[in-house]
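Working through the structure, step by step
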Amino acid sequence: MKPTSSQQGRRWSLRPAWSRGYNLELASQDALAALIVTLLLIPQSLAYALLAGLPLEVGLYASVLPLIAYALFGSSRTLSVGPVAVLSLMTAAAVSPLAAAGSTAYVLGAVLLALLSGAFLLLMGILRLGFLANFLSHPVISAFISASALLIAASQLQHLLQWPLAGHTLLEMLMGLDWANLSWHGPTLAVSALSLLLLLGARHGFTPLLLTLGMPAKVAALLSKTGPVWAVLLTTALSWWLDLASMGVAVVGTVPQGLPSWQWPSWDWQWLQQLWMPALLLALVGFVESVSVAQTLGARRRQRIDPNKELVGLGMANLGSAFTGGLPVTGGFSRSVVNFDAGAQTPAAGIFAAGGIALVMLWFTPALAYLPKATLAATILVAILALVDGQAIKRTWRYSRQDGAAMLVTLLLTLVAGVEMGILAGVALSLLLYIHRTSTPHSALVGRLPGTEHFRNVQRYQVETDPRIATLRVDESLYFANARFLEDRVDALLSEQPALRHLILMCPAVNWIDASALESLEAINQRLQEAGVQLHLSEVKGPVMDQFKRSHFLQVLSGQVYISQFEAWQQLRQQLPVSQEAFDPQL
């Protein structure tokens with residue numbers, strides 16, 4: 001039956017699902033959340049543009065259309081999209097070799113990076129390739145974010161202390177300093193100290209104070225998260241009143257007034273060759289960070305997050321940023337939490353926040369001229385140091401030496417060789433360790449626990465065995481990297497048990513078998529047959545049986561395929577004469 005025209009219209013409608021049933025009550029809650037998020041987004045957007053080496057208005061440009069695009073195409077109801085610290089650092093690292101920071105060419109490079117990352121995200125979403133982000137393991141991402149946070153913190157010393165820092169790695173920054181002639185700029189140091197005091201006080205001491213004054217706990221916690229707003233307002237007022245710029249304090253200066261214009265990012269083939277890999281890494285890191293935040297917040301309200309739809313939403317957000325002269329964006333943790341706590345019910349809160357930022361760009365950017373850059377640097381510092389997990393490597397190393405090694409390599413290389421090298425090395429090492437681990441899969445000879453239908457490792461339990469029957473349990477899927485290992489294991493077993501007549505491969509953990517492993521099974525079956533030993537399989541999963549049925553393996557198999565290991569054990573024991581060498585711990 002063909003769908004009606006009205007059904008076809010609903011199927012292809014661009015109207016987001018959350019807009020159905022949207023009413024005045026939801027709109028009022030979203031508008032209140034948007035007001036609070038707007039206040040937080042303005043200093044953050046400026047700060048992250050500063051971190052990326054871009055003119056500050058670029059951060060504001062990246063906080064308007066991306067919010068609207070994500071609201072229309074994303075799946076989270078409370079995720080707030082915009083510039084974030086890690087992507088800003090990656091942007092600076094990718095574009096700085098191509099142009100001088102702050103130059104027109106540099107801005108065009110950042111915009112092109114947003115365009116490419118948006119295209120990658122959108123393509124992965126359309127092709128449903130969200131699983132690609134799984135190649136960024138949690139230990140690697142954790143180490144990468146911690147190292148990036150340390151790099152970002154170090155880079156902000158140039159604004160907090162007015163030290164002449166240069167470079168994008170810790171070594172470059174340290175080696176570039178003239179340690180013998182370093183000096184302190186008193187007024188800048190005072191502004192930095194005041195900003196840090198306000199930000200840390202708002203984060204750690206403001207909530208108890210407000211609770212003491214009788215304010216509701218939820219409101220007190222929410223106001224504490226808007227610490228950057230109070231720091232910006234106070235230091236900007238002091239900067240204007242005391243004319244701190246005349247004392248040598250670096251201030252934001254003139255921020256262009258008005259909305260960004262729609263533009264097609266310009267690029268050439270050479271820049272495309274240089275930026276496609278950073279854009280892909282940036283897209284994957286941004287997606288992992290964003291979907292983690294979205295799933296965390298979604299779980300609190302039992303809302304489902306669709307990773308592939310998130311890819312489309314983030315892709316459209318980055319394309320929107322690129323077409324309006326912005327930098328790469330993703331879902332930010334701090335502002336998403338503020339959006340959630342402020343009571344946002346739908347993505348319309350993001351649209352309202354975009355409208356609020358647009359109003360600021362139209363009418364209030366002249367007031368930003370007196371904002372000290374040290375305040376923005378302090379905002380970055382306080383926000384980013386919360387991401388440093390100093391105990392993660394210790395915990396991971398204790399649990400898994402391989403994952404701990406991947407973390408350590410990622411951390412060190414990110415600090416000394418840069419963000420791209422760090423994450424590429426971490427991903428490569430994780431994959432190599434996985435291949436190594438699965439190329440020598442755990443396997444065990446198992447026997448029957450007396451009086452039960454369960455089979456366990458002969459080296460860990462007292463079990464019933466028979467020298468004429470061996471059961472080898474394979475605890476890994478079989479593929480080209482471990483096919484040879486299985487052959488060697490069976491050959492060794494054959495030489496160790498001269499009385500062997502039946503070998504059962506117990507396969508409860510085998511989820512798939514590739515063509516190389518199938519050829520190895522055929523070779524094993526042939527060798528065992530020549531040695532007078534039958535090969536049997538037990539507890540084979542349905543998808544693996546489907547694979548076997550598409551081959552000729554079952555026709556040449558010398559033994560049988562049993563549904564359960566207990567069935568195989570019983571039937572084969574019954575076929576053999578009673579053996580005095582059989583071992584039963586109950587006897």
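Residues numbered from 1 in each chain as written. Predicted model: local features only at pLDDT ≥ 70, side-chain atom pairs only at ≥ 80, totals over all residues. Heavy atoms only, no water.

- An unreviewed UniProt entry annotates the chain as SulP family inorganic anion transporter of Balneatrix alpica.
- You can read under Subcellular location (unreviewed entry) in the UniProt record for the chain the words "Membrane". (UniProt positions renumbered as here; feature names shortened; annotations may be inferred.)

**Some points on the overall build of the chain**
- Tallying secondary structure elements over the chain gives 26 helices and eight strands in all.
- Taken along the three principal axes of its C-alpha coordinates, the chain extends 100 × 75 × 60 Å.
- Sorting the 587 residues of the chain into buried and exposed places 51% on the buried side.
- Excluding contacts between residues fewer than 6 apart, the proportion of contacts in the chain whose partners are at least 24 apart in sequence is 80%.
- Roughly 27500 Å² of accessible area belongs to the chain as shown, and the carbon and sulfur atoms make up 62% of that amount.
- Each charge class in the chain can be summarised by its mean position, and for the 35 positive and 32 negative side chains these summaries are 10 Å apart. (Helix = DSSP H or I, 4+ residues; strand = E, 2+ residues; numbered from the N terminus. Buried < 20%, exposed > 50% of the residue type's maximum accessible area, 1.4 Å probe, protein only. Contact = heavy atoms within 4.5 Å. Areas by Shrake-Rupley, 256 points an atom, 1.4 Å probe, with all protein chains shown as cover. Lys, Arg positive; Asp, Glu negative; His and termini not counted. Charge placed at Lys NZ, Arg CZ, Asp CG, Glu CD.)

**Considering empty space enclosed by the protein**
- The tally for this structure, following the rule as stated, stands at four cavities of 30 Å³ or more.
- Every residue along the wall of the largest cavity is listed here: V474, L478, L505, C507, V510, I513, L521, L537, V540, K541, V544 and F548.
- Among the residues forming the lining of the largest cavity, the class breakdown is eleven nonpolar, no polar and one charged.
- Estimated volume of the second largest cavity: approximately 60 Å³.
- Taken together, 13 residues line the second largest cavity, and the ones lying closest to its centre are L67, Y70, L79, P347 and G350.
- Per element, the largest residue contribution to the lining of the second largest cavity is three residues, and it comes from helix 4 (residues 65-73).
- Here the residues of the lining of the second largest cavity are counted per class, giving six nonpolar, six polar and one charged. (1 Å grid on protein atoms, 1.4 Å probe; cavity = no way out; pocket = protein on both sides within 12 Å on 5 of 7 lines; lining within 4 Å. Points joined across faces, edges and corners; volume = space filled by probe spheres on them. Nonpolar A, V, L, I, M, F, W, Y, C, P; charged D, E, K, R; others polar.)

**Some thoughts on the pattern of salt bridges**
- Inspection of the entire model under this criterion finds ten salt bridges.
- Here D466 ties to R573 by a salt bridge, and the two come within 3.4 Å at their closest N and O atoms. Of this pair, D466 sits in the loop between strand 4 (455-457) and strand 5 (469-474) while R573 sits in helix 26 (residues 565-575); the two residues are 107 residues apart in sequence, bridging distant segments of the chain.
- The salt bridge involving R527 is made with E487; its shortest N-O contact spans 2.7 Å. Of this pair, R527 sits in helix 23 (residues 515-530) while E487 sits in helix 22 (residues 480-496), placing them 40 residues apart in sequence.
- Note on R527: relative accessible area 32%, which makes it partly exposed.
- Overlapping salt bridges, with partners in common, bring together R448, E464, D466, R468 and R573 in one network. (Salt bridge = Lys/Arg side-chain N within 4 Å of Asp/Glu carboxyl O.)

**Topic: the layout of surface pockets**
- Taken as a whole, the largest pocket encloses approximately 1300 Å³ of empty space.
- E289, V293, F333, S334 and L387 are the residues nearest the centre of the largest pocket, which is lined by 49 residues in total.
- When residues in the lining of the largest pocket are grouped by element, the largest group, nine residues, is from helix 14 (residues 269-300).
- Classifying every residue of the lining of the largest pocket by side-chain character gives 29 nonpolar, 15 polar and five charged.

**So, helix 26**
- Residues of helix 26 that are buried include every one of Q565, F566, A568, W569 and L572, and no others. The buried residues of helix 26 occupy an angular sector of 160° when projected down its axis, which confines them to one face.
- Contacts from the buried residues of helix 26 go to strand 3 (443-448), strand 4, strand 5, strand 6 (502-506), strand 7 (534-538) and strand 8 (561-562). (Arc of directions from axis to C-beta.)

**Some points on the sheet that holds strand 7**
- A sheet is described by the order of its strands in space; here six strands give the open sequence 4-3-5-6-7-8, paired in mixed fashion. The open sheet terminates on both sides in strands that have one partner only, identified here as strand 4 and strand 8.
- Taken together, the five bridges between strand 6 and strand 7 define a ladder with parallel strand orientation. Note that in strand 7 the partner of L505 across the bridge is L537.
- Relative to the sheet, helix 23 contacts strand 6 and strand 7, its axis offset from that of strand 7 by approximately 135°. (Pairing = 2+ DSSP bridges. Axes fitted to C-alpha atoms, helices over the stretch in contact; angles between N-to-C directions.)

**Focus: unusual backbone geometry**
- Unusually for a residue other than glycine, Q162 sits at a positive phi of about 55°.
- Mapped onto the fold, Q162 is located in the loop between helix 8 (157-160) and helix 9 (170-176).
- A positive phi angle, close to 55°, is found at R302, a residue other than glycine.
- Relative to the elements of secondary structure, R302 occurs in the loop between helix 14 and helix 15 (307-323).

**Some thoughts on the pairing of strand 7**
- Taking burial as the measure, the five residues of strand 7 include four buried ones, the bulk of the element.
- At this point the chain moves from strand 6, through helix 23, to the parallel strand 7, and the crossover so formed is right-handed.
- With two bridges joining them, strand 7 and strand 8 adopt parallel strand pairing. For L537, the partnering residue across the bridge sits in strand 8 and is V561. (Right-handed = clockwise from strand over helix to strand, strands pointing away.)

**Here's the deal with the packing of aromatic side chains**
- This structure, assessed with the given rule, holds eight aromatic pairs.
- The interplanar angle of 45° and the centroid separation of 5.7 Å between the aromatic rings of Y479 and W512 together place this pair among those described as tilted. Of this pair, Y479 sits in the loop between strand 5 and helix 22 while W512 is found in the loop between strand 6 and helix 23, placing the two residues 33 residues apart along the sequence.
- Through a chain of ring-to-ring contacts, the aromatic side chains of W262, W264 and F323 assemble into a single cluster. (Phe/Tyr/Trp six-rings, centres within 6.5 Å; stacked < 30°, edge-to-face > 60°.)

**Re the packing of helix 6 (residues 104-126) against helix 15**
- The N-to-C vectors of helix 6 and helix 15 enclose an angle of 155°; their axes lie 7 Å apart at closest approach. Of the possible angle classes, the one that applies to helix 6 and helix 15 is roughly antiparallel. For the pair helix 6 and helix 15, the sense of crossing is left-handed. Contacts between helix 6 and helix 15 pair V111, A114, L115, S117, G118, A119, L121, L122, M124, G125 and I126 from the former with N308, L311, V312, L314, G315, M316, N318, L319, A322 and F323 from the latter.
- Partitioned by chemical class, the residues of the contact of helix 6 with helix 15 number 15 nonpolar, six polar and no charged. (Parallel < 35°, antiparallel > 145°, perpendicular 65-115°, else oblique. Left-handed = near helix turned anticlockwise from the far one by under 90°.)

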